[in-house]
Amino acid sequence: MKKNVLLWTGAAMLALLLLIALLGPYLPFIDRNLKEVRFRMEDGHLNKAPYPLSWQNPLGSSKFGVDNLSRIVIGARVTLLIVFAVSVLRYAIGIPLGLLARRKRGAAHALLTWLNQLFSSVPALLMTVLLAAIPFFLYSGGRLYWMIGIMALVETGRVGYIVSQQAASISQESYMEAGRALGLRPLRLLKAYYIPALLPEMIVNFCLDLGKVLILIGQLGVLTVYLNPGSAEAGMNNEFEFVNTAHDWGSMISDHVSDLGVGRFASVMVPVCAIVYAVLAFNLLGEGLRRHFNGLGRGK
Amino acid sequence: MTKDYWIIPDGSLNWHEYGESIRTYAANLFAHGSLGETRYGESVGPVVLAALLESLPVIFGALLAGFLFGIPKGMLDYALSRTRFALLGSGTTWLMQALPDFFLLLIARRYLLHHQELGIQFFARAGWEAFVLPTVLAAIYPVFYIARVTSASIASEEGKMYIQTARAKGLPERLVFLRHVMSNAAGRVLTHFMPVGVYILSSLLLIEALRNVPGISYRMFQAIGYNKIASSASSVEPGVIIGTALGFMLLTLVFQLIGYLARRRVSVQ
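Not measured: the values here are computed from a predicted model. (Residues numbered from 1 in each chain as written. Chains lettered and ligands numbered in written order. Predicted model: local features only at pLDDT ≥ 70, side-chain atom pairs only at ≥ 80, totals over all residues. Heavy atoms only, no water.)

For chain A, the count of helices and strands is ten helices and four strands. Its C-alpha atoms give chain A principal-axis dimensions of roughly 85 × 55 × 30 Å. Out of the 300 residues in chain A, the part that is buried amounts to 49%. With an accessible surface of roughly 14,900 Å², chain A has 65% of that area assigned to carbon and sulfur atoms. In chain A, which carries 27 positive and 17 negative side-chain charges, the distance between the mean positions of the two groups comes to 14 Å. (Helix = DSSP H or I, 4+ residues; strand = E, 2+ residues; numbered from the N terminus. Buried < 20%, exposed > 50% of the residue type's maximum accessible area, 1.4 Å probe, protein only. Areas by Shrake-Rupley, 256 points an atom, 1.4 Å probe, with all protein chains shown as cover. Lys, Arg positive; Asp, Glu negative; His and termini not counted. Charge placed at Lys NZ, Arg CZ, Asp CG, Glu CD.)

Below, the structure written as structure tokens:
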């Protein structure tokens, strides 16, 4: 078999990402406290943030003087955790629902159809924003968990639909008929027949979904829809202003996106490029795994 | 008590008030047959219609462009897949499909804003840019999506009996490809009308938001009133949300219908 370059590239990129997320915060040049240094003395001059690229700020700094590199590295862990949580939740609900709905009848099928119709009436991104703006979720202290639930739920129907389609086509296979003729219990059929046949495709889809969730987080970031509760601070005119307190890449984009208007393009592109890197890693891995599984299938 | 002048939102569920607000809204809807008013006191109907008309040319333009450029790109990818330029064909298709849309959008915006000598107005509301710019931006993903689908369906036709027959009868390779392979593959590509359309609707929001154009997506976003500044005066426009959602459903229905017709054509063949 030809060497699977995609798989290895993707795995290496993801390994680097995980390494950064795990060990990055302990590196010596990472400012773990993300201190705001609004003014700094340099060579006898008082300089004001944002600082240009230098050894001290390899990726520049925000307008409050927070080092961009440190924030990316610190944010990697929480970003990846959110992405994994959303995807795992999506598949944890979607796969059982899809398996139960494979015969196109019953409560599970009705629920799946309802989910699909409800959440596909409006584009997924807008639906997420719409649900995120409900006051109950907006002001909730556990907003991050609600947001994870919302992001998972909006696309659960799609996952379930794909699973039910595949499970239905597996049901037509002759080995399934053999299994049924043997009088196997549903649970055994599930464990020995459905899951092994579904698993490769599900793993590939899961990897691709990780990328999609990360893109969704980035899109919410560009629209300055925070994932985390933040802290409400008194703004002008008896209004509240949510102040971002989290460091995931999406909220880093939303903190910097207002600077686009004053020509600070680079600071937005730092988290955007981090997202691009991670999305490419997930996609390469997914594509590589697909080729790997296809190769295995042909080998048999 | 600070509450007299400063109501702290806590987001607790007040079912009574929710019910009351829905009842008032529904009463107004049935009594006057109107979706209500926007925050500026305009009637919702014309506002939603204007937003829809703002986006419609872009949506269908992007769909058309997706198929017009995606199918040739897919044919090219397939032709290149056997050569050492395979990476140039399917590789670029894969890369462009994987990249987040906001990455390309932000770069396009930055480039056009900083190269005024090109004479392309990024924020144009009228003139050719108002149509061409968002259409091109919205068409990027569909083009590569369709390219991928096209090259996959050409690959699946390969080696089939009817093609071997055509070749055996001495039909030129070019004709075999156009008359036989493509006419069958094209039908299968058309069945992807629905997912492409839905994707365009979904990607429209960022395009309109970054161009600051109140099309159907961005108008809905504005109506949701999501703002990091939670003001005491509510800026939510329920009528606009419902109106634009109806617009989306209508568009989805149209896509579904076209996809269905395409599928039926394929199954008849």
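What follows picks up the thread again.
Time to look at the packing of helix H6 (residues 161–168) of chain B against helix H7 (residues 173–190) of chain B. All names here are of chain B. Contact geometry of H6 with H7 gives a least axis separation of 10 Å together with a crossing angle of 160 degrees. Judged by the angle between their axes, H6 and H7 are roughly antiparallel. Pair H6 / H7 crosses with right-handed handedness. Here Tyr162, Ile163, Ala166 and Arg167 of H6 come into contact with H7, specifically with Glu173, Val176, His180, Val181 and Asn184. Across the contact of H6 with H7, the residue classes tally to five nonpolar, two polar and two charged. (Axes fitted to C-alpha atoms, helices over the stretch in contact; angles between N-to-C directions. Parallel < 35°, antiparallel > 145°, perpendicular 65-115°, else oblique. Left-handed = near helix turned anticlockwise from the far one by under 90°. Contact = heavy atoms within 4.5 Å. Nonpolar A, V, L, I, M, F, W, Y, C, P; charged D, E, K, R; others polar.)

Attention now moves to the pairing of strand S2 (residues 45–48) of chain A. Alignment of strand S1 (residues 39–42) of chain A against S2(A), held across four bridges, turns out to be antiparallel. Residue pairing for S2(A): A:Glu42 is matched across the bridge by A:His45. (Pairing = 2+ DSSP bridges.)

Before going further, it helps to spend a moment on the packing of aromatic side chains. Residues and elements named next belong to chain B. Inspection of the entire model under this criterion finds eight aromatic pairs over all chains. Seen in terms of ring centroids, Phe67 and Phe193 are 5.7 Å apart; in terms of plane orientation they differ by 15 degrees. Their pairing is stacked. Of this pair, Phe67 sits in helix H2 (residues 44–80) while Phe193 sits in helix H8 (residues 193–211), placing them 126 residues apart in sequence. Cluster of aromatic residues (ring-pair linked, three or more members): Phe60, Phe67, Phe193 and Phe255. (Phe/Tyr/Trp six-rings, centres within 6.5 Å; stacked < 30°, edge-to-face > 60°.)

Counted under the stated rule, the structure contains nine salt bridges over all chains. The salt bridge partner of A:Arg290 is A:Glu287, with a shortest N-O separation of 3.8 Å. With a gap of three residues between them, A:Arg290 and A:Glu287 both fall in helix H10 (residues 265–299), about one helical turn apart. Between B:Arg148 and A:Glu287 there is a salt bridge; the shortest N-O distance is 3.1 Å. Placement of B:Arg148 in helix H5 (residues 128–157) and of A:Glu287 in helix H10 is noted, with the two residues assigned to different chains. Classification of B:Arg148 by relative accessible area gives partly exposed; the value is 29%. (Salt bridge = Lys/Arg side-chain N within 4 Å of Asp/Glu carboxyl O.)

All names here are of chain B. Orientation of H2 relative to H8, taken along the N-to-C sense of each, is 130 degrees, at an axis distance of 10 Å. The angle between H2 and H8 places the two elements in the oblique class. In this structure, the crossing between H2 and H8 has a hand that is right-handed. Mapping the contact onto sequence places Ser55, Val58, Ile59, Ala62, Leu63 and Phe67 in H2 and Phe193, Val196, Gly197, Ile200, Leu201, Leu204 and Glu208 in H8. Residue composition of the contact of H2 with H8, by class: ten nonpolar, two polar and one charged.

Okay, the side chain of B:Arg219 next. In this structure, B:Arg219 sits in helix H9 (residues 216–224). Residue B:Arg219 is classed as buried on the basis of its relative accessible area, which comes to 7%.

All names here are of chain B. A cluster of nonpolar side chains, Phe60, Val254, Leu257, Ile258, Tyr260 and Leu261, forms an exposed patch at the surface whose accessible area comes to about 520 Å². Note that Tyr260 resides in helix H10 (residues 238–268). Owing to a relative accessible area of 45%, Tyr260 belongs among the partly exposed residues under this scheme. (Patch = residues over 30% accessible without salt bridge, like charges linked within 9 Å, V, L, I, M, F, W, Y side chains within 5 Å.)

All right, on to the confidence of the model for chain A then. When pLDDT is averaged along chain A, the result is 81, and 92% of the positions lie at 70 or above. For chain A, per-element mean pLDDT is lowest for strand S3 (residues 231–234) of chain A, which scores 60, and highest for helix H2 (residues 68–100) of chain A, which scores 88. (pLDDT = per-residue confidence, 0-100.)

Now for the nonpolar core. Of all hydrophobic cores here, the largest spans 124 residues; its most connected members are A:Leu223 and A:Val272. For this core, the element with the most residues is H10(A), which contributes 16 residues. When sequence neighbours within four positions are dropped, the list of residues in contact with A:Val272 reads A:Ile253, B:Phe102, B:Phe103 and B:Leu106. Among the nonpolar cores identified, the runner-up in size contains twelve residues, and A:Val159, A:Ala167, A:Tyr194 and A:Leu198 belong to it. (Core = buried A, V, L, I, M, F, W, Y, C linked by side-chain atoms within 4.5 Å.)

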